[in-house]
Amino acid sequence: MLATAAFAVNFWAWALISPLSPTYKEQLHLTPFEVSFLVAVPVIVGSLGRIVLGGLTDRYGGRVVFGLASLIGIVPVVFLAFAGNYPLLLAGGFLLGLTGATFAIGIPYVNAWYPPERRGLALGIFGMGNIGTAVSGFVTPWLARDFGQRTPFFAVAVALAVVGLAFLAVGRDAPGLARPTESFMTRFARAARLRVTRELAAMYALTFGGFVAFGSYLPLYLKDAYELTTADAAARAAGFVLLATLTRPVGGWLADRIGGRTVLSGALGAVVACAVVVSFIPPMALATAAFLIMAAALGLGNGAVFALLGRAVPAAMVGSATGVVGAAGGLGGFLPPIVMGLIFQATGSYAIGLMLLAVVAAAAFVYSWFVLRVAGQP
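Note that the structure is a prediction, hence the values are computed from the model and not measured.

Undergrad: How should the pattern of salt bridges be read in this particular structure?
TA: Opposite charge on two side chains permits pairing when their charged atoms draw close. Per the counting criterion, the structure on display carries 4 salt bridges. With a closest N to O distance of 2.9 Å, Lys 223 and Glu 26 form a salt bridge. Residue Lys 223 is found in helix 12 (residues 195-226), and its partner Glu 26 is found in helix 2 (residues 17-28); the two are separated by 197 residues along the sequence. Exposure remark for Lys 223: the relative accessible area of 22% places this residue in the partly exposed category.

Take a look at the structure:
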């Protein structure tokens with residue numbers, strides 16, 4: 001539970017910019033592309049940082065790495081509270097990426113505590129720390145509106161200090177955990193050479209990437225497409241994130257029982273159908289239903305991916321493999337907001353970008369159902 005709480009706080013930090021992006025757009029007169037890039041910067045840095053933090057966790061254990069990473073994350077959060085122009089926001093967002101990289105610490109940390117037949121559910125529960133993004137969507141705009149724009153940053157800084165110190169004081173690594181003797185680059189290369197690592201990285205780029213992309217860009221999309229207020233759009237996007245978060249442990253639990261490939265394939269099929277529906281900007285009621293089904297599917301897919309990873313990769317390599325897969329997921333969340341921003345700026349419509357998502361998800365469904373094979377999975 002400590003790992004889940006720390007992950008949630010770090011993800012709240014990671015998602016601080018997105019709910020405030022409409023405000024920054026109005027205050028600084030930003031173009032759609034500039035806003036998209038601002039939202040995407042923490043995502044790309046958090047993605048690449050997972051490779052490093054996953055390797056460090058294999059070497060030094062999750063307790064120390066999680067505690068220190070949380071404390072270091074305070075620096076960019078406080079910096080952003082005082083950032084008053086676009087270059088400073090970009091710089092703060094770049095540094096803020098560290099908080100999103102903490103995902104790669106928690107997976108090997110939690111994985112080491114459980115036998116293979118229980119890892120899907122355990123990792124799914126840890127993954128519920130994604131709820132930090134939903135918390136940010138609900139709470140950040142409210143704090144900024146009622147108590148001043150700097151208030152949410154100060155609140156997150158305090159929360160990071162609490163979880164960081166708690167991890168260092170009472171956190172424990174799994175007993176008997178073997179420390180690798182090879183260098184970081186050797187372990188990273190070995191993990192990346194595993195076929196299952198590359199396959200799951202591609203799947204996670206779509207499932208988690210879709211989760212991050214919609215969690216980040218949905219407030220802008222809803223405001224532009226349906227003329228919602230900033231607070232209403234952020235709250236609806238937070239609902240998307242919340243549902244995806246709650247279904248993640250369900251995906252892990254189902255993967256333990258009926259097989260991760262089956263769960264992943266079903267989730268991808270649902271994403272295809274929902275992406276086609278929302279690409280036509282249907283009435284709000286239908287769009288809401290489609291987005292909620294898509295959120296649930298992405299959560300199930302996320303849980304299934306790491307249930308498969310926990311079984312397929314040797315325990316001493318889970319951190320490094322998580323770094324590779326997690327980086328791919330973050331990259332999957334980085335590119336769509338950029339693409340959507342460029343497409344909307346050029347055409348005034350989101351339809352092309354959403355149809356591209358449907359095409360990619362369809363290809364992933366075919367691969368998952370007909371090609372993907374993991375030892376011990378039906």
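Undergrad: What am I meant to see in a nonpolar patch on the surface here?
TA: A cluster of nonpolar side chains, namely Phe 365, Val 366, Tyr 367, Trp 369, Phe 370 and Val 371, defines an oily patch on the protein surface of about 530 Å² accessible area. Looking at the secondary structure, you find Trp 369 in helix 17 (residues 351-370).

Undergrad: How do you make sense of the nonpolar core when you look at a structure like this?
TA: Note on soluble globular proteins: their nonpolar side chains tend to be buried together. Counting 112 residues, the largest nonpolar core has Val 77, Tyr 221, Met 294 and Phe 306 as the members making the most contacts within it. It is helix 12 that contributes the most residues to this core, 16 residues altogether. When near neighbours in sequence (up to four residues on either side) are disregarded, Phe 306 contacts Phe 103, Ile 107, Leu 123, Tyr 204, Arg 248, Thr 322 and Val 325.

Undergrad: I'm lost on the packing of aromatic side chains in this one. Help?
TA: Each pair of aromatic rings is reported with the distance of its centres and the angle of its planes. Across all of its chains, the model carries 24 aromatic pairs by this definition. A ring pair is formed by Phe 11 and Phe 208, whose centres lie 6.2 Å apart and whose planes are at 45°; its orientation type is tilted. Taken together, the positions of Phe 11 in helix 1 (residues 2-14) and Phe 208 in helix 12 put the pair 197 residues apart, joining distant regions of the chain. Overall, Phe 11 belongs to the buried group, its relative accessible area being 0%.

Undergrad: Could you clarify how one ought to interpret unusual backbone geometry in this entry?
TA: Leaving glycine out, the prevailing phi sign among residues is negative, and the prevailing peptide bond configuration is trans. Phi is positive for Glu 227, close to 55°, though the residue is something other than glycine. As for its placement among the helices and strands, Glu 227 is situated in the loop between helix 12 and helix 13 (230-258). What makes Glu 227 exposed here is its relative accessible area of 71%.

Definitions and cut-offs
- Residues numbered from 1 in each chain as written.
- Predicted model: local features only at pLDDT ≥ 70, side-chain atom pairs only at ≥ 80, totals over all residues.
- Heavy atoms only, no water.
- Salt bridge = Lys/Arg side-chain N within 4 Å of Asp/Glu carboxyl O.
- Helix = DSSP H or I, 4+ residues; strand = E, 2+ residues; numbered from the N terminus.
- Buried < 20%, exposed > 50% of the residue type's maximum accessible area, 1.4 Å probe, protein only.
- Patch = residues over 30% accessible without salt bridge, like charges linked within 9 Å, V, L, I, M, F, W, Y side chains within 5 Å.
- Areas by Shrake-Rupley, 256 points an atom, 1.4 Å probe, with all protein chains shown as cover.
- Core = buried A, V, L, I, M, F, W, Y, C linked by side-chain atoms within 4.5 Å.
- Contact = heavy atoms within 4.5 Å.
- Phe/Tyr/Trp six-rings, centres within 6.5 Å; stacked < 30°, edge-to-face > 60°.

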